[in-house]
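Overview (structure and organization)
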Amino acid sequence: MKSPLRLLRRDLVQNHFVTLAFGFVAIWAIGPGVGFAHAEARLHRGDADFRSHDGRVVITSDFPGGRMSQCKQVGADTFAITIAPESDPINDSAWYAFRVQSTHPKQIRLLLHYVNGSHRYEPKVSRDGENWQAATELISSTSNTLEDVELRVDVDRKPLWIAGQELLSTDEVSQWSSDLTRLPYVDRKQIGRSVQGRTMEQLTITESADPDYIFLVARQHPPEVTGAIGMLHFVDTLASQSDLAKRFRSRFAALVVPTVNPDGVHHGHWRCNANGVDLNRDWSHFTQPETQAVREQLLQCRRAGEDRLRLFVDFHSTYDDVFYIPAHNPQIFPADFTKTWFASIQQRFPGYRVNVDDNHNAHRSTSKAWVDRTLGVTAVTYEFGDETDRGMIKQVASGAAEEMMKLLLELPSKRTPKASPAMHSEIRLVSDIEETLQR
């Protein structure tokens with residue numbers, strides 16, 4: 001099945017349509033007069049609009065996913081943009097997204113200043129908000145602390161979007177969900193509402209009247225677009241017309257919450273929901289409506305039978321591709337599933353390094369830790385790199401989904417021993433320890 005999400009039909013192109021002029025003009029040299037020493041409360045909002053003194057240049061973040069806290073003109077064609085987070089302190093995942101155009105063709109300087117953060121996401125550009133290209137060469141200089149970055153951009157009457165990653169809005173993902181429901185074995189329901197009342201959706205993909213379950217979530221953290229892209233390809237593979245997917249759906253149901261944090265995604269937050277809470281640190285007290293809604297669905301799976309929930313996967317993004325798993329739990333079910341799964345992915349893609357951190361955030365209130373500790377079910381945080389090639393994301397995510405289906409179909413319906421053929425492979429822990437895995 002071809003993904004209906006247009007954004008995912010196109011890989012990021014490495015050439016750039018923005019003409020660049022390089023020059024090292026240090027952003028931090030503009031001095032304290034720009035007034036960025038401290039983050040004021042009013043800077044925390046997004047949806048900022050700005051027009052130059054002569055009215056020719058317009059810069060705005062007033063669109064879904066936009067983030068620009070303040071813009072000031074500090075020279076004839078130089079504009080200082082403040083990027084501030086929604087709360088403080090906060091994880092340093094500074095997100096920016098704005099649109100610029102000019103009544104006359106010209107090159108402008110954009111001086112990005114991060115408040116309580118630093119530059120992480122390399123710029124992507126788009127002329128229509130849908131087709132995106134990598135644009136690292138827009139950067140002409142950075143400060144040693146990465147708190148200040150200068151972009152040199154050619155602008156004209158046609159709008160130019162500049163963002164840390166491709167924009168992937170809640171509306172686009174909802175349209176993808178809606179298109180999937182045209183398939184007879186895909187249903188969609190509302191499981192709750194966000195702080196600001198946005199709908200939280202869950203897909204159920206199955207052809208079984210009495211299935212076992214896997215549970216998939218994404219977008220707890222708004223800027224982590226590559227994780228969301230990986231999730232979309234993963235789910236598309238489960239919903240495909242392949243013989244493997246059909247066999248999988250005849251026994252299993254995939255329950256998918258594609259956007260756990262719709263408010264944060266809409267407002268271009270760095271990390272949190274509308275209450276300023278990091279949702280992936282709320283999986284102990286469950287103070288937020290978003291985590292409460294997902295927890296209830298997980299508990300419903302568990303109420304269906306002790307061994308019915310087989311796997312939980314939470315899709316995220318970080319600097320490099322990696323699987324995060326809890327420390328070894330002898331009570332977990334299915335036993336040693338992750339080791340076998342990761343080894344099978346490594347065998348399938350020998351040129352791709354499967355990295356595993358086997359004790360990540362062990363004492364924090366994350367989704368995988370709660371599922372492991374409370375439900376006794378195998379739980380994985382699946383991270384894709386910020387700059388991982390989008391074609392590679394599609395290939396590996398789809399392959400990982402197929403390997404997962406094969407292994408789950410080998411499991412017995414209850415906790416009874418089952419012999420499996422031996423398989424040897426190597427994976428690398430984040431600690432660089434090589435393990436030879438055998439099952």
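Residues numbered from 1 in each chain as written. Predicted model: local features only at pLDDT ≥ 70, side-chain atom pairs only at ≥ 80, totals over all residues. Heavy atoms only, no water.

**Points about the overall build of the protein**
Selection rule: The helix and strand labels rest on DSSP assignments: H or I over at least four residues marks a helix, E over at least two residues marks a strand, and numbering proceeds from the N terminus. Here the term buried applies to any residue with accessible area under 20% of the maximum for its type, exposed to any over 50%, and partly exposed to those in between, with areas from a 1.4 Å probe on protein chains only. By definition, residues are in contact when any of their heavy atoms lie within 4.5 Å. Surface accessibility in these figures is a Shrake-Rupley result with a 1.4 Å probe; residues are shielded only by whichever protein chains are displayed.
When helices and strands are tallied, the protein shows eight helices and 21 strands. Going through the 439 residues of the protein one by one, you find that 59% of them count as buried. Contacts in the protein between residues at least 24 apart in sequence constitute 76% of all its contacts with a sequence separation of at least 6. Carbon and sulfur atoms make up 47% of the accessible area of the protein, which totals about 17700 Å².

**Details of the environment of Met200**
When you line up the elements, Met200 lands in strand S13 (residues 199–205). Overall, the relative accessible area of 0% leaves Met200 in the buried class. Placed eleven residues apart in sequence, Met200 and Lys189 show a C-alpha to C-alpha distance of 8.5 Å. Residues within four places of Met200 in sequence aside, it is in contact with Lys189, Gln190, Ile191, Gly192, Arg193, Ser194, Val260, Pro262, Glu290, Ala293 and Val294.

**Description of the packing of aromatic side chains**
Convention followed: Note on ring pairs: Phe, Tyr and Trp rings are taken, using the six-membered ring of Trp, and paired if centres are within 6.5 Å. Classes follow the plane angle, with under 30 degrees stacked, over 60 edge-to-face and the rest tilted. As a reminder, the over-ring test applies to NZ of lysine and CZ of arginine, requiring each to be within 6 Å of the ring centre and within 35 degrees of the ring normal.
Throughout the structure, instances matching the rule amount to 18 aromatic pairs. Here the aromatic residues Phe234, Phe315, Phe323, Phe337, Trp341, Phe342, Tyr382 and Phe384 are joined through ring pairs into a cluster of three or more. The side chain of Arg120 reaches across the aromatic face of Tyr319, ending 4.5 Å from its centre.

**A look at helix H7 (residues 367–375)**
Summarising burial for H7: seven of the nine residues are buried, a large majority. Buried residues belonging to H7 abut helix H5 (289–303), strand S16 (309–318), strand S17 (322–324) and strand S19 (378–385). Phi turns positive one or two residues past the end of H7, at Gly376, with a value near 65°.

**Re the confidence of the model for the protein**
Condition: Residue-level confidence of the predictor, termed pLDDT, takes values from 0 up to 100.
Of all residues in the protein, 83% have pLDDT values of 70 or greater, and the mean over the chain is 86. In the predicted structure, residues 6–43 sits below a pLDDT of 50 and forms 91 contacts with residues beyond four places in sequence or in another chain. Segment residues 415–425 is flagged for pLDDT under 50; beyond a separation of four residues in sequence, or across chains, it makes 30 contacts in the model.

**Structural notes on the pairing of strand S10 (residues 148–155)**
Counted only if it meets this: By the convention used here, strands pair only if DSSP detects at least 2 bridges between them.
Within S10, seven of the eight residues are buried, which leaves the element mostly enclosed by the surrounding structure. The pairing of strand S6 (residues 106–114) with S10 spans eight bridges and is antiparallel. Following the sheet pairing, Lys106 is matched in S10 by Val155.

**Observations regarding the sheet that holds strand S9 (residues 139–142)**
Selection criterion: Axes here refer to lines fitted to C-alpha atoms; in helices the fit is confined to the stretch in contact. Angles between the N-to-C directions go from 0 to 180 degrees.
Read from one edge of the open sheet, five strands run S3-S4-S6-S10-S9, paired in mixed fashion. Strands at the two margins of the open sheet, each flanked by one partner only, are strand S3 (70–75) and S9. Within this sheet the neighbouring strands show an average axis-to-axis angle of 25°, counted without direction.

**What about unusual backbone geometry?**
Residue Asp88 is joined to Pro89 through a cis peptide bond whose omega torsion reads 5°. A positive phi angle, close to 55°, is found at Asn116, a residue other than glycine. Its place among the elements puts Asn116 in the loop between S6 and strand S7 (124–126). By relative accessible area, which is 40% here, Asn116 ends up partly exposed. Its identity as a non-glycine residue notwithstanding, Leu146 has a phi of 65°, on the positive side. If you trace the backbone, Leu146 turns up in the loop between S9 and S10.

**Overview of the packing of helix H6 (residues 337–348) against helix H8 (residues 390–410)**
Counted only if it meets this: In what follows, roughly perpendicular refers to angles from 65 to 115 degrees, roughly parallel to angles under 35, roughly antiparallel to angles over 145, and oblique to any angle outside these ranges. Each crossing gets its handedness from the near helix: less than a right angle anticlockwise from the far helix is left-handed, clockwise is right-handed. Gly is placed with the polar residues, together with every amino acid not listed as nonpolar (Ala, Val, Leu, Ile, Met, Phe, Trp, Tyr, Cys and Pro) or charged (Asp, Glu, Lys and Arg).
Closest axis-to-axis distance for the H6/H8 pair is 9 Å, and the angle between their directions is 130°. Here H6 is positioned oblique relative to H8, judged by the angle of their axes. Considering the relative orientation of H6 and H8, their crossing is right-handed. Here H6 contributes Phe337, Thr340, Trp341, Ser344, Ile345 and Arg348 to the contact with H8, which in turn contributes Gly399, Ala400, Glu402, Glu403, Met404, Lys406, Leu407 and Leu408. Residues that form the contact of H6 with H8 fall into these classes: seven nonpolar, three polar and four charged.

**Things to note about the side chain of Ser87**
Relative to the helices and strands, Ser87 is located in the loop between strand S4 (78–83) and strand S5 (97–102). On the accessibility criterion, Ser87 (14% relative accessible area) is buried. Once residues lying within four places of it in the same chain are set aside, the contact partners of Ser87 are Cys272 and Gly276.

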